[in-house]
Amino acid sequence: MRTVRRSALIDRPTPEPSALPRRAPLPAHHPDPVLDVVVPVYNEEHDLEPCVRRLHAHLGETFPYAFRITIADNASTDGTPRIAARLAAELPGTDFIRLAEKGRGRALHTAWSRSRAPVLAYLDVDLSTDLAALLPLVAPLISGHSDIAIGTRLARGSRVVRGPKREIISRCYNGLLRSTLAVGFSDAQCGFKAVRRDVAERLLPLVEDREWFFDTELLVIAERAGLRIHEVPVDWVDDPDSRVHIVSTALADLRGMARLGRALACGRLPLSALRRNGGDLGGALPAVLARQVVRFAAVGVASTLCYLLLYTVLRPATGAQAANALALLASAIANTAANRRLTFGVRGRCGALRHHLKGLAAFLVGLALTSGSLAVLHHTAPGTGHRVELLTLIAANLAATLLRFLLFRAWVFPARRTTGPSAP
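Report on the accompanying structure. Because the structure is predicted, anything quoted here is derived from the model rather than measured.

1. Regarding empty space enclosed by the protein
Now for step 1: Counted according to the given criterion, the structure contains four cavities of 30 Å³ or more.
Now for step 2: If you add up the space inside the largest cavity, you get close to 90 Å³.
Now for step 3: In this structure, the largest cavity is lined by Ser303, Thr304, Tyr307, Leu328, Ser331, Ala332, Asn335, Phe363, Asn397 and Arg404.
Now for step 4: Going through the elements one at a time, α9 (284-318), α10 (320-343) and α12 (386-412) are the ones with two or more residues in the lining of the largest cavity.
Now for step 5: Looking at which element gives the most residues to the lining of the largest cavity, the answer is α10, with four residues.

What follows is the structure in structure tokens.
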């Protein structure tokens, strides 16, 4: 089977179809396979047979619905296709497809696109993830609770055995995702995921990557559209024979982040087509936003008064620019702490340092606006009075406050749309 790479989505906007219907549980007696588990493989002649036989036995013993296992071979050059064909002939409910091009994302895209099962999943052939998490993974999709489910190695309750190198790389990657694309899910790379088919039908045409960034791109788009992502802590043991080339994969992931960030920033992805009619938040979003605006404004008024008081006290001793910087820094720290607790409801120490660092980045934006306005004022009207300086700073702070609210809401304290991480 050959697959054709879709043209880049960022070239032109995609027409927006109607929104997704509301989620509903699957009927207790479903005549066809409810779950299709895809096992993407490339040159896995040694691991393929024990993996598929173990997976088939596990599903037969524990899964209460009919199921299918799809072996998706993407251009293997060893004996993998022969073994896959034999397994498909021997094991009931096992299928095999072969692609002419490499790429795990390509294999998943093809297998999920052709499947008619209402719940689609995949796992890595090395079975690093304990299969005991498979039923908790797909249960919230079958019940209609969630749209996507992912295994996570980075949440409480996960038990992970791997070397420090892989641990550091994984945490750095997911930290980079949180800081650049403001994601709420904890682990983008775990090879253990599931999605409802109605969601996959809308998501897959939007996902451009066909390699290792496929998972991340799918999750980011889904989260930005407001879909519910369920996280399941997993027991995971590192495979020392991993075929992933870390450097080339990392570079490709960075390019994928940049491309996806541009597409999201320019509004070139039809996210509204992924939202559900009468969705989870319903009419709560405007109310939540209104409360956030009111509380942010109240904190902003208090911090602005604090800023002006500090500026007035420091101005005679330090000069205008130094007084502005020191007053803005002090008020920004207090502003971030107050907004963290009062406006966005974040409590506890978890993530506090990251929030304050991002708040300081927003502070630098405010500093550039206010310092720039002072510089322009002093250049165009030398010797201007203290009252004019204050009026100029108030106007610049209003602009900085609006921008800071947008940064706080979208970047510093992004709304988390994940559920879990406890298993259902």
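There's plenty left to go through after this.
2. A closer look at the pattern of salt bridges
Now for step 1: Applying the stated criterion across every chain yields a total of 22 salt bridges.
Now for step 2: For the salt bridge of Arg98 with Asp73, the shortest nitrogen-to-oxygen distance reads 2.3 Å. Of the two residues, Arg98 is situated in strand β3 (residues 94-99) and Asp73 in strand β2 (residues 67-74); the sequence distance between them amounts to 25 residues.
Now for step 3: Taking the relative accessible area as the measure of exposure, Arg98 reaches 35% and is therefore partly exposed.
Now for step 4: Connected via shared salt-bridge partners are Glu49, Arg53, Arg86 and Glu90.

3. Overview of the packing of aromatic side chains
Now for step 1: Counting across every chain of the model gives seven aromatic pairs.
Now for step 2: Ring geometry for Phe296 versus Phe408: centroids 6.0 Å apart, planes at 80°, classification edge-to-face. Taken together, the positions of Phe296 in helix α9 and Phe408 in helix α12 put the pair 112 residues apart, joining distant regions of the chain.
Now for step 3: The class of Phe408 is buried, set by a relative accessible area of 0%.
Now for step 4: Here the aromatic cluster, defined as three or more aromatic residues joined through ring pairs, consists of Phe296, Phe344, Phe405 and Phe408.
Now for step 5: Across the ring face of Tyr42, the terminal group of Lys102 is positioned such that the distance to the ring centre comes to 4.3 Å.

4. Here we look at helix α3 (residues 104-114)
Now for step 1: Across the 11 residues that make up α3, a large majority, nine, are buried.
Now for step 2: Burial in α3 covers these residues: Arg104, Gly105, Arg106, Ala107, Leu108, His109, Thr110, Ala111 and Trp112.
Now for step 3: Elements in contact with the buried residues of α3: β1 (35-41), β2, β3, β4 (119-123), β7 (192-196) and α7 (214-224).

5. Description of the nonpolar core
Now for step 1: Residues Trp112, Ile148, Phe185, Leu218 and Ile221 are the most contacted members of the largest nonpolar core, which totals 44 residues.
Now for step 2: Counting residues per element, the ones that place at least two in this core are β3, α3, β4, β5 (148-152), α5 (164-181), α6 (197-203), α7 and α8 (246-265).
Now for step 3: Among the elements that make up this core, the one with the highest residue count is α7 (six residues).
Now for step 4: Once residues lying within four places of it in the same chain are set aside, the contact partners of Leu218 are Trp112, Ile148, Leu203, Leu204 and Val207.

6. Description of a positive patch on the surface
Now for step 1: Taken together, the side chains of Arg291, Arg295, Arg341 and Arg347 make up a positively charged region of the molecular surface.
Now for step 2: Within the secondary structure, Arg341 is located in helix α10.

7. Here's the deal with unusual backbone geometry
Now for step 1: Despite not being glycine, Asn43 has its phi angle at roughly 55°, a positive value.
Now for step 2: Here Asn43 shows up in the loop between β1 and α1 (48-62).

8. Section: the environment of Leu390
Now for step 1: If you trace the backbone, Leu390 turns up in helix α12.
Now for step 2: Given the relative accessible area of 22%, Leu390 is considered partly exposed.
Now for step 3: Along the chain, Leu390 and Tyr311 lie 79 residues apart, while their C-alpha atoms are 9.3 Å from each other.
Now for step 4: Each residue touching Leu390, except ones within four places of it in the same chain, is listed here: Leu308 and Tyr311.

9. What to know about the environment of Leu55
Now for step 1: With respect to the helices and strands, the residue Leu55 is situated in helix α1.
Now for step 2: Distance in space between the C-alpha atoms of Leu55 and Val39 is 9.9 Å, their sequence separation being 16 residues.
Now for step 3: The contact partners of Leu55, leaving out residues within four places of it in the chain, are Val37, Val39, Ile69, Leu123, Leu131 and Leu134.

10. Topic: the packing of α10 against helix α11 (residues 352-380)
Now for step 1: Running from amino to carboxyl end, α10 crosses α11 at an angle of 145°, the nearest separation of the two axes being 9 Å. Considering the relative orientation of α10 and α11, their crossing is right-handed.

11. As for the pairing of β2
In the case of a regular strand, side chains alternate between the two sheet surfaces.
Now for step 1: With seven of eight residues buried, β2 is to be regarded as a mostly interior element.
Now for step 2: Taken together, the seven bridges between β1 and β2 define a ladder with parallel strand orientation. Each residue of the ladder has a partner; that of Val38, found in β2, is Thr70.
Now for step 3: Once you follow β1 into α1 and on to β2, the crossover reads as right-handed.
Now for step 4: Pairing between β2 and β3: six bridges, direction parallel. Residue pairing in the sheet places Ile69 in a bridge with Thr94 of β3.
Now for step 5: Note on the crossover from β2 through helix α2 (residues 80-90) to β3: the handedness is right-handed.

12. Things to note about the packing of α1 against α2
Now for step 1: Look at α1 against α2: their axes get within 10 Å of each other, and the N-to-C directions meet at 25°. Viewed along their axes, α1 and α2 adopt a mutual orientation that is roughly parallel. As for the relative orientation of α1 and α2, their crossing is right-handed in sense. Together, Leu48, Glu49, Val52 and Arg53 of α1 and Thr80, Ile83, Ala84, Arg86, Leu87 and Glu90 of α2 make up the contact between the two elements.
Now for step 2: Of the residues assigned to the contact of α1 with α2, the class counts are five nonpolar, one polar and four charged.

Reading the values: rules and limits
Here the residue numbers are simple positions, counted from 1 along each chain's written sequence. Reporting in this predicted model follows two pLDDT cut-offs: at least 70 for local features of residues, and 80 or more for side-chain atom pairs to be given and counted; totals over whole chains, interfaces and linings ignore these cut-offs and use all residues. The side-chain quantities take in all heavy atoms of the structure and omit both hydrogens and water. Cavity means a closed set of points on a 1 Å grid over the protein atoms alone, one where a 1.4 Å probe fits but cannot get out, pocket means an open set with protein on both sides within 12 Å along at least 5 of 7 lines, and lining means a residue has an atom within 4 Å of a point. Grid points are joined across faces, edges and corners, and a volume is the space filled by probe spheres set on the points. Each helix is a run of H or I in the DSSP string that is no shorter than four residues. Each strand is a run of E no shorter than two, and both are numbered from the N terminus. Any carboxyl oxygen of Asp or Glu within 4 Å of a side-chain nitrogen of Lys or Arg constitutes a salt bridge here. The buried label applies to any residue whose accessible area, calculated with a 1.4 Å probe on protein chains only, is under 20% of its type's maximum; exposed applies above 50%, and partly exposed to all values in between. Note on aromatic contacts: the rings of Phe and Tyr and the six-membered ring of Trp form a pair at centre separations within 6.5 Å, being stacked when their planes are under 30 degrees apart, edge-to-face when over 60 apart, and tilted otherwise. Any Lys NZ or Arg CZ found within 6 Å of a ring centre and within 35 degrees of that ring's normal is scored as a charge over the ring. Every residue pair with non-hydrogen atoms within 4.5 Å of one another is taken to be in contact. Only buried residues count toward a nonpolar core, which is a set of Ala, Val, Leu, Ile, Met, Phe, Trp, Tyr and Cys residues joined through side-chain atoms within 4.5 Å. Residues with no salt bridge and a relative accessible area higher than 30% make up the patches, which join like charges within 9 Å and nonpolar side chains (Val, Leu, Ile, Met, Phe, Trp, Tyr) within 5 Å. Method for areas: the Shrake-Rupley scheme with a 1.4 Å probe, in which residue coverage is limited to the protein chains shown. Under the convention used here, Asp and Glu are negative, Lys and Arg are positive, and both His and the chain ends fall outside the count. Charged groups are reduced to one reference atom each: NZ for lysine, CZ for arginine, CG for aspartic acid, CD for glutamic acid. Note on method: axes are straight lines fitted to C-alpha atoms, helices fitted across the in-contact stretch only, with angles between N-to-C directions ranging 0 to 180 degrees. Here a crossing is taken to be left-handed if its near helix is turned anticlockwise relative to the far helix by less than a right angle, and right-handed if that turn runs clockwise. In this analysis, strands are considered paired if DSSP registers two or more bridges between them. Orient the strands so they point away from the viewer; a crossover is then right-handed if the path from the first strand over the helix to the second runs clockwise. Orientation is classified from the angle alone, with under 35 degrees giving roughly parallel, over 145 giving roughly antiparallel, 65 to 115 giving roughly perpendicular, and any other angle giving oblique. Gly counts as polar in this scheme, as do all residues outside two lists: the nonpolar Ala, Val, Leu, Ile, Met, Phe, Trp, Tyr, Cys and Pro, and the charged Asp, Glu, Lys and Arg.

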